[in-house]
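# Descriptive structure summary
Take a look at the letters that make up each chain.
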Amino acid sequence: MKSRPARRRPKLGMTWLSSCGGCEESILDLGPDLAGILGQVDLVYWPIGMDGRMEDLCKVPDGGLDAVLINGSVRTEEHVETAGLLRQKARIVVAHGSCAHLGGVYGLANLFSREAVLERSYGEDGPRLPRLLDRVKALGDVVKVDVVIPGCPPTPDRVREALDSLIRGTLARGAVLADDRALCRTCPRGETRRPDTRIRRFRRVHEATLDPDLCFLEQGIVCLGPVTRGGCEARCVRGNLPCRGCFGPVGEVKDQGGGGVGFLAALLEGASEEELEQALDGLADPTGLLYRYSLPSSLFGGRNEGEGP
Ligand code: SF4
Ligand code: SF4
């Protein structure tokens, strides 16, 4: 009996831009499965895990990589160049994690000028850095993104799903590897959320003794589950922490923070001016809370070039 020809191993690249390294760790989070997965791909470029220089990448023919996973946000001119080169080399570009997907936590720097950020971080005599862009961008702002793995960092199941699909040859352009429904729909506390809940005062997590089974909103704690994609296994909520939105806006919500303002306003409906002020007193840093991961890709954070799913 003739043996079947071995399936060609897909050529893969992985790299980071402005990143905390957590998304790289999300690959290691695959644990014992990682060796098996890496045995089925031809890992061509992964600077953090193996020797890999830009010169080597330049030698790869255009379209020579089946896919590249890029994590981190776009902060410097060097990041723009790296993203552009990888776009040229890879047939499928995957935005890996919230920073690449939405701009991420570093995107909150867009509330300040580039000069103010440098001054705050390094003082007047800053180090020699690659030139910073005027603002932090998501990967989709500078190159076309084909696939998104959301999360800060993404869960191992989502990373595994991406790599398994690549190996099977089913990684489809346009995919966002997450649930298309809001997190509340699959949240273990979902049934305790009442449609007529009204909040008198928002509280911060450390100000309350939290009931681990009750919806956070019922306890006066802001949770972004109503406007955030599910698919994260509700890990934070199960750990008794409210959702902060790292999977990005659910399909019908264009601007995650704006959507958050909308549902929080509904919770305060009917409150007098005095009650409103009292309720809002408990909201420290509303922008940082509602746009924690998505400011660069929000309606007022701006999106210039490129398109993404
Ligand atoms: S998405 Fe989160 S874990 Fe990944 S690089 Fe950004 S901050 Fe780090
Ligand atoms: S608001 Fe948060 S805690 Fe409540 S059901 Fe939605 S995700 Fe769960």
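## Focus on the nonpolar core
One finds Ala-67, Val-68, Ile-70, Val-94 and Leu-139 to be the most contacted residues of the largest nonpolar core, which totals 50 residues. When we break this core down by domain, the ones giving at least three residues each are domain 1 (11-168) and domain 2 (183-297). Aside from chain neighbours lying at most four places away, what touches Val-94 is Ala-67, Val-68, Leu-69, Ile-70, Asp-146, Val-147, Ile-149 and Ala-162. One finds Cys-184, Phe-202, Leu-224 and Val-237 within the second-largest nonpolar core, a separate group that totals 18 residues.

## With respect to the site of ligand 1
Near ligand 1 lie 13 residues; those nearest to it are Gly-22, Cys-23, Gly-97, Cys-99 and Cys-152. Of all the elements in the fold, those that place two or more residues in the shell around ligand 1 are helix H1 (22-28) and helix H5 (98-102). In terms of residue class, the shell around ligand 1 is built from six nonpolar, seven polar and no charged.

## Some points on the sheet that holds strand E2 (residues 42-45)
Here five strands make up an open sheet; going across it, the order is E2-E1-E3-E5-E7 and the pairing parallel. Of all the strands in the sheet, just E2 and strand E7 (147-149) have a single pairing partner and so form its edges. Direction aside, the axes of adjacent strands within the sheet are offset by 25 degrees on average. Of the pairings in the sheet, the one linking strand E1 (residues 11-16) to E2 comprises three bridges and is parallel in character. Looking at E2, one finds that Lys-11 is bridged to Asp-42.

Analysis parameters
Residues numbered from 1 in each chain as written. Chains lettered and ligands numbered in written order. Predicted model: local features only at pLDDT ≥ 70, side-chain atom pairs only at ≥ 80, totals over all residues. Core = buried A, V, L, I, M, F, W, Y, C linked by C-beta atoms within 7 Å. Buried ≥ 20, exposed ≤ 12 C-beta atoms within 10 Å, placed from the backbone. Domains from an automatic or database assignment. Contact = placed C-beta atoms within 7 Å. Near = placed C-beta within 6 Å. Helix = DSSP H or I, 4+ residues; strand = E, 2+ residues; numbered from the N terminus. Nonpolar A, V, L, I, M, F, W, Y, C, P; charged D, E, K, R; others polar. Pairing = 2+ DSSP bridges. Axes fitted to C-alpha atoms, helices over the stretch in contact; angles between N-to-C directions.

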